[in-house]
Amino acid sequence: MRQTSQFCIPGRVGARDPKDMNHTKGGLVIFTANSHPSSRELGKRIAERLGVELGKVQVYQEANRETRVQIQESVRGKDVFVIQTVSKDVNTTIMEMLIMVYACRTSCARSITGVLPYFPYSKQCKMRKRGSIVSKLIASMMCKAGLTHLITMDLHQKEIQGFFNIPVDNLRASPFLLQYIQEEIPDYRNAVIVAKSPASAKRAQSFAERLRLGIAVIHGEAQDAESDQVDGRHSPPTVMLMPKEKPPITVVGDVGGRIAIIVDDIIDDVDSFVAAAETLKERGAYKIFVMATHGILSSEAPRFIEESAIDEVVVTNTIPHELQKLQCPKIKTVDISMILSEAIRRIHNGESMSYLFRNIGVDD
């Protein structure tokens, strides 16, 4: 008899204890790589929710820095799920994933699903000057290694799914962030959702509509590396172009005397967030939160956040950031292992994934 799930996205009626929600058919194996201890920690949480043990695998670096993988149990005819989080050493993370997938393929696994909560190189998904679309390269490598399915979360651009010739489930973290806002910000009804640039206005609108809050957009900030630029295809350029004059920073929307909640998908270099917070403070916002799915928080980000006008930065555990939390107590974490474990259970049992996308905005 086919089992049904009582999983509920945060905020939906009928949610059950996560420990009681997951029961899978046999033939399921979950592996984690060792790019970071948090990868194994996330894997343990997922395995516990599914009621299975983590698979036995040895992943280590040789003296010459080559990655070696030894699968220590049979995966023949089984559904294998490889969980990998992205550490600071991104390239090692990718190689561990590729080699582990290939090892499972050559060991005759029935299917191999990669679980990458944050897809590496996702920012390099467009052609810039004489560069390359690296996301396409990574996708091709994963498919060639033997991946048959990919589970990820909040891709930087949804079009990245088209780089794969296998099914891709791009899950959303917004229900968990919305739940955090409703439960952890007491006066959230007096908040306004802020887009720190026009490019993120759609995401802010999606949050605002579901929370029934107002929206504000910061316009006129310095253009970042992903903004449209002359791509240098004319060498030398046929016309001498004058540099564009940057418009003055303005805030479209009222933030005076209100809580400002800045939303985005990735927070890495925090300069733009710090600048946005200062602008909002000048316009009268009395408390400032930053919400993002992926907290890369590179370099001096924790120190900059600690010294800024930002009151709290909320990210999910798609990327390890324990060290950054020690450096900056303003950083808070939301656990998303529940939705990852339910996605694994549904794929393994051949159930529909559409339930996981209910109440998700098109612009999420």
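Residues numbered from 1 in each chain as written. Predicted model: local features only at pLDDT ≥ 70, side-chain atom pairs only at ≥ 80, totals over all residues. Heavy atoms only, no water.

### Considering helix H2 (residues 37-50)
- Compared with the 20 Å implied by 1.5 Å per residue over 14 residues, the 20 Å span of H2 between its first and last C-alpha is a close match.
- Taken as a whole, H2 has its buried residues at Ser38, Ser39, Leu42, Gly43, Ile46, Ala47, Arg49 and Leu50.
- Positive phi appears at glycine 51, one or two residues downstream of H2, with a value of about 75°. (Helix = DSSP H or I, 4+ residues; strand = E, 2+ residues; numbered from the N terminus. Expected span 1.5 Å × (residues − 1). Buried < 20%, exposed > 50% of the residue type's maximum accessible area, 1.4 Å probe, protein only.)

### Quick notes on the environment of lysine 136
- Relative to the helices and strands, lysine 136 resides in helix H4 (residues 134-145).
- Note on lysine 136: relative accessible area 38%, which makes it partly exposed.
- For the pair lysine 136 and glutamine 124, spaced 12 residues apart in sequence, the C-alpha to C-alpha distance is 8.9 Å.

### Re the sheet that holds strand S12 (residues 287-295)
- Read across the sheet, 7 strands follow the order S10-S9-S8-S11-S12-S13-S14 without closing on themselves; strand pairing throughout is mixed. Only two strands of the sheet have a single neighbouring strand rather than two, namely strand S10 (250-252) and strand S14 (331-334). Here the average twist between neighbouring strands, direction ignored, is 25°.
- Each of strand S11 (259-267), S12, strand S13 (312-316) and S14 touches helix H5 (residues 174-184); the most contacted strand, S12, lies at about 155° to it.
- Running at roughly 170° to S11, helix H7 (residues 271-282) makes contact with strand S8 (191-195), strand S9 (214-219), S10, S11 and S12 of the sheet. (Pairing = 2+ DSSP bridges. Axes fitted to C-alpha atoms, helices over the stretch in contact; angles between N-to-C directions. Contact = heavy atoms within 4.5 Å.)

### Quick look at the pattern of salt bridges
- On inspection of all chains with the given rule, the structure shows 13 salt bridges.
- We note a salt bridge from arginine 45 to aspartate 335, for which the minimum N-O separation is 3.2 Å. A residue pair is termed long-range when its members are at least 10 positions apart, and arginine 45 in helix H2 and aspartate 335 in the loop between S14 and helix H10 (337-349) qualify at 290 residues.
- Taking the shortest distance from any N to any O, the salt bridge between aspartate 264 and lysine 196 comes out at 3.7 Å. Remark: lysine 196 occurs in the loop between S8 and helix H6 (201-211) and aspartate 264 occurs in strand S11; sequence separation between them is 68 residues. By the burial criterion, aspartate 264 is buried, and lysine 196 matches it.
- Put simply, Glu41, Arg45, Arg49 and Asp335 are held in one network by salt bridges that share partners. (Salt bridge = Lys/Arg side-chain N within 4 Å of Asp/Glu carboxyl O.)

### Focus: the pairing of S14
- Sheet analysis places S13 next to S14, joined by 4 bridges and oriented parallel. Residue pairing across strands places threonine 316 opposite valine 334, the latter belonging to S14.
- After leaving S13, the chain enters helix H9 (residues 322-327) and then returns to the sheet as S14, a path that is right-handed. (Right-handed = clockwise from strand over helix to strand, strands pointing away.)

### Observations concerning the sheet that holds strand S1 (residues 28-32)
- Taken in spatial order, the 5 strands line up as S1-S4-S5-S6-S7 in an open sheet, and their pairing is parallel. Two strands close off the open sheet at either side, each with one partner strand: S1 and strand S7 (168-171). For this sheet the average axis-to-axis angle between neighbouring strands, irrespective of direction, equals 15°.
- For strand S6 (residues 149-153) and S7, the ladder comprises 4 bridges, and the chain directions are parallel. Its bridge partner being in S7, methionine 153 is matched across the sheet by leucine 171.
- Contacting S1, strand S4 (79-83) and strand S5 (111-116), helix H3 (residues 90-106) crosses the sheet at an angle of about 165° to S5.
- Contacts from H10 reach S1, S4, S5, S6 and S7 within the one sheet, and its direction differs from that of S6 by about 160°.

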